[in-house]
Amino acid sequence: MSKVKVMVKNDQNEVRVPVGIRMLIRRCCQAVLVAEHFTQDAEVSVSFVSNAEIRRLNRIYRQKDATTDVLSFPLGQDGHYDVNKETGCAMLGDVVISLETAVKQAHIYGHSLEREIGFLTVHSMLHLLGYDHETSPLEERKMREKEEEVLGELGISREATFVQSEDGNL
């Protein structure tokens, strides 16, 4: 089984990074590689940023002047990746997550922050491996099915992670 080296960096001060999130991100990255039968050892960088910073990056790289939840910056193309000469790992790319937006979306969708961060990580890893939900409705469906498959394997599927109130209601 391939190994993945995940560098997680916090470049924002708006939201405290919850305990266990770094390990969750590593587990999500590894699970995507396993599901995709990726055989090389790999490296991925994940950064938490503010809404202002992700908006700036979105404007620069996607020409969209809006806050978004996550951006993916793949370093490979058509399954070919540069290799880090020091580690021998395929360099998959960079993932940038707005922790502010992740907190907001977890609340909106009624699930845990862990589920939201897990989803955003899996989503971005699939982008780094060449998936693109914006090319067609069929590609979007394929990507969504892959996301839920991986999240289910990790025990953070949509059904398993809704937040319950103290009275037991969703």
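Please refer to the structure higher up on the page.
Every value quoted in this text rests on a predicted model; they were computed, and no experiment measured them. (Residues numbered from 1 in each chain as written. Predicted model: local features only at pLDDT ≥ 70, side-chain atom pairs only at ≥ 80, totals over all residues. Heavy atoms only, no water.)

## Looking at the packing of aromatic side chains
Within a pair of aromatic rings, the relevant descriptors are the distance that separates the centres and the angle that separates the planes. Here is the rule we go by: Ring pairs shown here join Phe, Tyr and Trp side chains whose ring centres sit within 6.5 Å, with only the six-membered ring taken for Trp; geometry is labelled stacked below 30 degrees between planes, edge-to-face above 60, and tilted in between. Working definition: helices are DSSP H or I runs of at least four residues, strands are E runs of at least two. Numbering for both runs from the N terminus. The classification of residues rests on relative accessible area computed with a 1.4 Å probe and restricted to protein chains. Under 20% of the type maximum is buried, over 50% is exposed, and intermediate values are partly exposed.
Going through the model one piece at a time under the given rule, you end up with two aromatic pairs. On the numbers, 5.8 Å between centres and 70° between planes, the contact of Phe 38 with Tyr 81 is edge-to-face. Residue Phe 38 is found in the loop between α1 (21-35) and β2 (42-49), and its partner Tyr 81 is found in the loop between β3 (70-74) and β4 (90-98); the two are separated by 43 residues along the sequence. Here the two residues Phe 38 and Tyr 81 agree in accessibility, since each one is buried. Residues Tyr 61 and Phe 73 carry aromatic rings whose centres are separated by 5.1 Å and whose planes lie at 75° to one another, so their mutual orientation is edge-to-face.

## Examining the pattern of salt bridges
Test applied: In the sections that follow, a salt bridge refers to a side-chain nitrogen of Lys or Arg positioned within 4 Å of a carboxyl oxygen of Asp or Glu.
Inspection of the entire model under this criterion finds ten salt bridges. Note that Arg 62 is salt-bridged to Glu 134, the shortest N-O span being 3.1 Å. Remark: Glu 134 occurs in the loop between α4 (113-128) and α5 (137-153) and Arg 62 occurs in helix α2 (residues 51-62); sequence separation between them is 72 residues. Take Glu 134: its relative accessible area is 51%, and that puts it in the exposed class. Put simply, Glu 139 and Lys 142 hold a salt bridge, and the shortest N to O gap is 3.3 Å. A residue pair is termed a helical-turn pair when its members lie 3 or 4 positions apart in one helix, as Glu 139 and Lys 142 do in helix α5 at three residues. Under the relative-accessibility criterion, Lys 142 is labelled partly exposed at 39%.

## What to know about the side chain of Asn 84
Convention followed: Polar contacts, as counted here, are pairs of nitrogen or oxygen atoms within 3.5 Å of one another; within protein the pair requires one atom able to donate a hydrogen and one able to accept it, and residues that are adjacent in sequence qualify only if both atoms are side-chain atoms. Whether two residues are in contact is decided by their heavy atoms, any of which lying within 4.5 Å being enough.
Along the chain, Asn 84 turns up in the loop between β3 and β4. The exposure class assigned to Asn 84 is buried, which follows from its relative accessible area of 18%. Engagement of the side chain of Asn 84 in a polar contact is seen with the side chain of Glu 43, the distance being 3.1 Å. Among all residues touching Asn 84, those that are not within four sequence positions of it are Glu 43, Cys 89 and Met 91.

## Examining the state of the cysteines
Keep this limit in mind: Put simply, a disulfide is two cysteine sulfurs that come within 2.5 Å.
Taken as a whole and assessed by the stated rule, the structure comprises zero disulfides. Free cysteine Cys 28: the closest other cysteine sulfur is in Cys 29, separated by 6.9 Å. You can see Cys 89 has no disulfide; the closest cysteine sulfur is in Cys 29, sitting 13 Å from it. Accessibility expressed as a relative area gives 8% for Cys 89, which makes it buried.

## Description of α5
In plain terms, the rule: Between the first and last residue of a helix there are one fewer steps than residues, each counted as 1.5 Å, and that sum is the expected span. Here the arc refers to the set of directions running from the helix axis out to each C-beta atom.
With 17 residues, α5 ought to run about 24 Å at 1.5 Å a step, and its terminal C-alpha atoms sit 24 Å apart, in line with that. Among the residues making up α5, those that are buried are Met 143, Glu 147, Val 150 and Leu 151. Down the axis of α5, the buried set is contained in an arc of 100°. They therefore lie on one face. Exposed and oriented more than 90 degrees from the buried face of α5 are Pro 137, Leu 138, Arg 141 and Glu 153. Here the buried face of α5 lies against α1 and α4. Immediately beyond the C-terminal end of α5, within one or two residues, lies Gly 155, with a positive phi of roughly 80°.

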